[in-house]
Amino acid sequence: MGRSLSNIVINLGIRDQFADALSQLGFDFEVLAEQEGDACLGNGGLARLSACQMDSLATLDYPAVGYGLRYQYGLFRQVIVDGFQHEQPDYWLNFGNPWEIERVHITYPVKFYGTVTDEFLNGEKCKVWVPGEMVEAVAYDNPIPGYGTRNTINLRLWAAKPSDQHDMESFNTGDYVDAVVNRQRAESISSILYPDDRSYQGKELRLKQQYFFVSASVQDIFRRFKDTHKKFDEFPEKVALQLNDTHPSLAIAEVMRVLLDEEHLSWHRAWDIICKIFSFTTHTVSPEGLEKIPVDLLGNLLPRHLQIIYDINFNFVEELKKMIGLDYDRLTRMSIVEEGAVKNIRMANLSVICSHTVNGVSRLHSELLRTKLFKDFYDLWPHKFQYKTNGVTQRRWIVVSNPSLCALISKWLGTESWIRDIDLLIGLRDYATNAELHQEWKMVKKVNKIRLAEYIEAMSGLKVSLDAMFDVQTKRIHEYKRQLLNILGIIHRYDCIKNMDKNDRKKVVPRVCIIGGKAAPGYEIAKKIIKLCHVVAEKINNDNDIGDLLKLVFIPDYNVSVAEMVIPGADLSQHLSTAGHEASGTGSMKFLMNGCLLLATADGSTIEMVEEIGQDNMFLFGAKAHEVVALRKKGPTLKVPLQFSRVVRMIRDGHFGFEDYFKSLCDKIEGTSDYFLLGADFMSYLEAQAAADKAFVDEERWTKMSILSSAGAGRFSSDRTIQEYAENTWDIQPCRCPF
Ligand code: OAK
């Protein structure tokens, strides 16, 4: 979520009154707002997408509730020591959280472990789960006010507390110390966010977190429904559950369990409800990214849920056999249960089978889902598959974070309505060549560059030139996002400048290259990329011969509030994922809205950006998604450019020191190991960079491209995404506040 103060007072329409009131008390609003810490309750794109979507749901008056975990420790704080990433705990609740309302009376018991027995109720056989452990989920509400509406929705986060019944036995048997330790174990469920956004380690605590979150939320949903409704037949009309990736997909088994074992519906009726209420969005491209839960782990922690999942799978496979016959390969692929040395539950298969709609997050992503990841399912149920290209909220990413641009856009469009109706941004196109707008547009960029330059100096002591192109790549560090390609490009640029004579140097476009992002604590290669960035920066920034022609800065601890400052100050932003690997990407949308030019591969949502703003207004490069497989097949016969081999050699030869440490990194991108095709895309990348340089020196052209970038950003508002979900997936109407 990042910070809340500015966002909240702006959405409530009381920012100026609030600032006045503060100034009467002797405080400056801007200064005060900067004091707020970030709520970092997620890892990256997936979580921030939800935050944007909550803002849109509230603004568009949809009756929605967001559920999540109230982690005591959010995402680690990244500290850089000698160029190496270190992780420190983010104890964000240390000074309290003024935005949350603790609902002491809204608590639910959450059960774990134990056994399942068969019992008879009114002559009917039923299952009874006798749990081995119980904890209490306490609700903390975080209000999300919409913009220009009185509608405020709720983000309900659950914290784990020991239940009064928790291990009472140990107290009774006099094992006092053990009993207290066990109570602490309960609190540990919501204590920490797993900082690795993609690898599933089959850890019990993670599974406990997922079920804790799901169980409390499902109980809350049933309680609310039952407050006003008697018959479960109405449930699908009133409830739509959106699975944001597979992380909450245990909800399927949980709803089924409640309907069967607690509400005593027949399997047939319960299953009918399940199929009508769930929809699933996947946010990943690679099969390895799909979550699997070891059967042993699940069976031990949630024995009844495992039974239910097996039953769902049995029915599904039987139906499937009727449809496709005994095609065992396909049956094996589509089964929810993965056989093998370790038996697993495939949460994605469960989600696809039980959801009425499966969404991808960009058009390309959806195509990859239909033709690769979920091909078998698409062939069976083509009608389930849709896509909703992601979007971000212009309230946070322009109005809050770039007030000067916000004022400028409103002035030229003659209205503030674009803040709720983003399509109006297109009106800026009419002034794309207007000299007066150009002047003002450049002024706004300059103000934001000054703010960013001051931050860089305060943080690193490095003074950067405002005349230089501010070239930014900020996102989680991943091999597929290819921060390494950026660094290799920077080394190449450095090497070229070093070999230039005085005259040629005069033609070099000065650059300040900014890289930022966190690496998962156990992701060694990603950590090496961070260190490489630092050693290269050290060399370049201290080379007096280079001066302002090139600077490299690593911005530590990239989070929402850092992004709010970095994005408006960027001239160019880089989105370098190997085509076919970024499901959507949302950072690019924030840069685009802020009039920052994009240098990018044709991947995820970038492809749709080209359609909106035109290829001439972006710097596209690299292999296309359909070419990537063929390039990989070429393997050892693939020729890499000399320039590429040269920069890798510079690292290997110790030009930047630490050559032993970087050996494994270099090995990963040379020869047949270059899975993400840095070598194959290198020349095309350098050409795109040269095109960016050429455009930058033509100020008029650059400014026009920048205006057209903002003007074309309308499609990438989360308002559009949410509207599409409301209409095509959830079938819900806005619900306006009557007063
Ligand atoms: C994280 C863990 C598991 C699966 C997916 C993710 C994730 O962060 N995915 C990201 O989701 C964003 C929002 O849809 C997309 O923009 C990114 O491309 C995608 O990598």
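Under an unreviewed UniProt entry, the name given to the protein chain is Alpha-1,4 glucan phosphorylase, and the organism recorded is Gossypium stocksii. In the Catalytic activity (unreviewed entry) part of its UniProt record, the protein chain is described as follows: "[(1->4)-alpha-D-glucosyl](n) + phosphate = [(1->4)-alpha-D-glucosyl](n-1) + alpha-D-glucose 1-phosphate". Per UniProt, the comment on the protein chain under Cofactor (unreviewed entry) is "pyridoxal 5'-phosphate".

> Honestly, the overall build of the protein chain in this entry has me stumped. Any pointers?
Secondary structure assignment for the protein chain yields 31 helices and 21 strands. For 739 residues, the compact-globule formula gives about 27 Å, and the C-alpha radius of gyration of the protein chain, at 27 Å, lands near that figure. Seen through its C-alpha atoms, the protein chain measures out along the principal axes to roughly 95 × 70 × 55 Å. Across the 739 residues of the protein chain, 58% fall into the buried class. Within the protein chain, residue pairs in contact and separated by at least 24 positions form 75% of the contacts whose partners lie at least 6 positions apart. Looking at the protein chain as shown, the accessible area adds up to about 31400 Å², and 52% of this sits on carbon and sulfur atoms.

> Could you clarify how one ought to interpret a nonpolar patch on the surface in this entry?
On the surface, a cluster of nonpolar side chains totalling about 370 Å² of accessible area is made up of Y176, V177, V180 and V181. You can see V181 is positioned in helix α6 (residues 176-187). The class for V181 is partly exposed, based on a relative accessible area of 43%.

> Would you take a moment to explain the site of the ligand for this structure?
Around the ligand, a shell composed of 18 residues is seen, among which D197, H283, N390, E582 and G585 lie nearest. E582 places a side-chain nitrogen or oxygen 2.6 Å from an oxygen atom of the ligand. Burial of the ligand by the protein chains amounts to 97% of its free accessible area of 460 Å².

> What is the right way to read the pairing of strand β6 (residues 124-130) from this model?
In terms of strand pairing, strand β5 (residues 115-121) meets β6 through seven bridges, oriented antiparallel. Bridge pairing in β6 places T115 opposite V130. The antiparallel pairing of β5 with β6 creates a hairpin that spans two residues between the two strands, and N122 there sits at a positive phi of about 50 degrees.

> Is there a simple way to think about helix α30 (residues 699-711) in this case?
Compared with an ideal rise of 1.5 Å per residue, which puts 13 residues at 18 Å, α30 spans 18 Å between its outermost C-alpha atoms and is within 8% of the ideal. Among all positions in α30, only W702, T703, M705, S706, I707, L708, S709, S710 and A711 are buried.

> Explanation requested: the UniProt feature "modified residue: N6-(pyridoxal phosphate)lysine" (unreviewed entry) in the protein chain in the structure shown.
Residues annotated by UniProt as "modified residue: N6-(pyridoxal phosphate)lysine" (unreviewed entry) correspond here to K590. In contact with K590, other than residues within four places in its own chain, are R48, V392, W397 and I567.

> Quick question: what am I supposed to make of unusual backbone geometry here?
Positive phi values are uncommon outside glycine, yet R482 reaches one of about 55 degrees. Here R482 shows up in the loop between β16 (469-474) and α20 (483-498). One non-glycine residue, F658, adopts positive backbone phi at about 55 degrees. Along the chain, the position of F658 falls in the loop between α27 (642-652) and α28 (659-667). Overall, F658 belongs to the partly exposed group, its relative accessible area being 41%.

> Looking at this structure, how should I read the side chain of K208?
Structurally, K208 is set in helix α7 (residues 204-228). We classify K208 as buried; its relative accessible area is 6%. Not counting the four nearest positions on each side in its chain, K208 is found in contact with F112, Y113, E133, R185, I189 and L301.

> Explain the pattern of salt bridges to me, please; I cannot follow it from the model alone.
Two side chains of opposite charge can pair, provided their charged atoms sit close to one another. Following the criterion strictly, the structure yields 60 salt bridges and no others. Residue R652 is joined to E670 by a salt bridge in which the shortest nitrogen-to-oxygen separation is 2.8 Å. Residue R652 is located in helix α27, and its partner E670 is located in the loop between α28 and α29 (678-697); the two are separated by 18 residues in the primary sequence. Given the relative accessible area of 26%, E670 is considered partly exposed. Here the salt bridges share partners, and the residues they tie into one network are R103, D141, R156, D220, R223, R224 and D227.

> Explain the state of the cysteines to me, please; I cannot follow it from the model alone.
A covalent bond between the sulfur atoms of two cysteines is what we call a disulfide. Under the definition given, this model contains zero disulfides. Lacking any disulfide linkage, C533 is separated from the closest cysteine sulfur, that of C513, by 9.1 Å. You can see C737 has no disulfide; the closest cysteine sulfur is in C735, sitting 7.9 Å from it. For C737, a relative accessible area of 30% puts it in the partly exposed group.

Here is what the cut-offs are and how they apply
- Residues numbered from 1 in each chain as written.
- Predicted model: local features only at pLDDT ≥ 70, side-chain atom pairs only at ≥ 80, totals over all residues.
- Heavy atoms only, no water.
- UniProt positions renumbered as here; feature names shortened; annotations may be inferred.
- Helix = DSSP H or I, 4+ residues; strand = E, 2+ residues; numbered from the N terminus.
- Rg over C-alpha atoms; globule rule 2.2 N^0.38 Å.
- Buried < 20%, exposed > 50% of the residue type's maximum accessible area, 1.4 Å probe, protein only.
- Contact = heavy atoms within 4.5 Å.
- Areas by Shrake-Rupley, 256 points an atom, 1.4 Å probe, with all protein chains shown as cover.
- Patch = residues over 30% accessible without salt bridge, like charges linked within 9 Å, V, L, I, M, F, W, Y side chains within 5 Å.
- Salt bridge = Lys/Arg side-chain N within 4 Å of Asp/Glu carboxyl O.
- Near = heavy atom within 4 Å.
- Polar contact = N/O pair within 3.5 Å; in protein donor to acceptor, adjacent residues only side chain to side chain.
- Pairing = 2+ DSSP bridges.
- Expected span 1.5 Å × (residues − 1).
- Disulfide = S-S within 2.5 Å.

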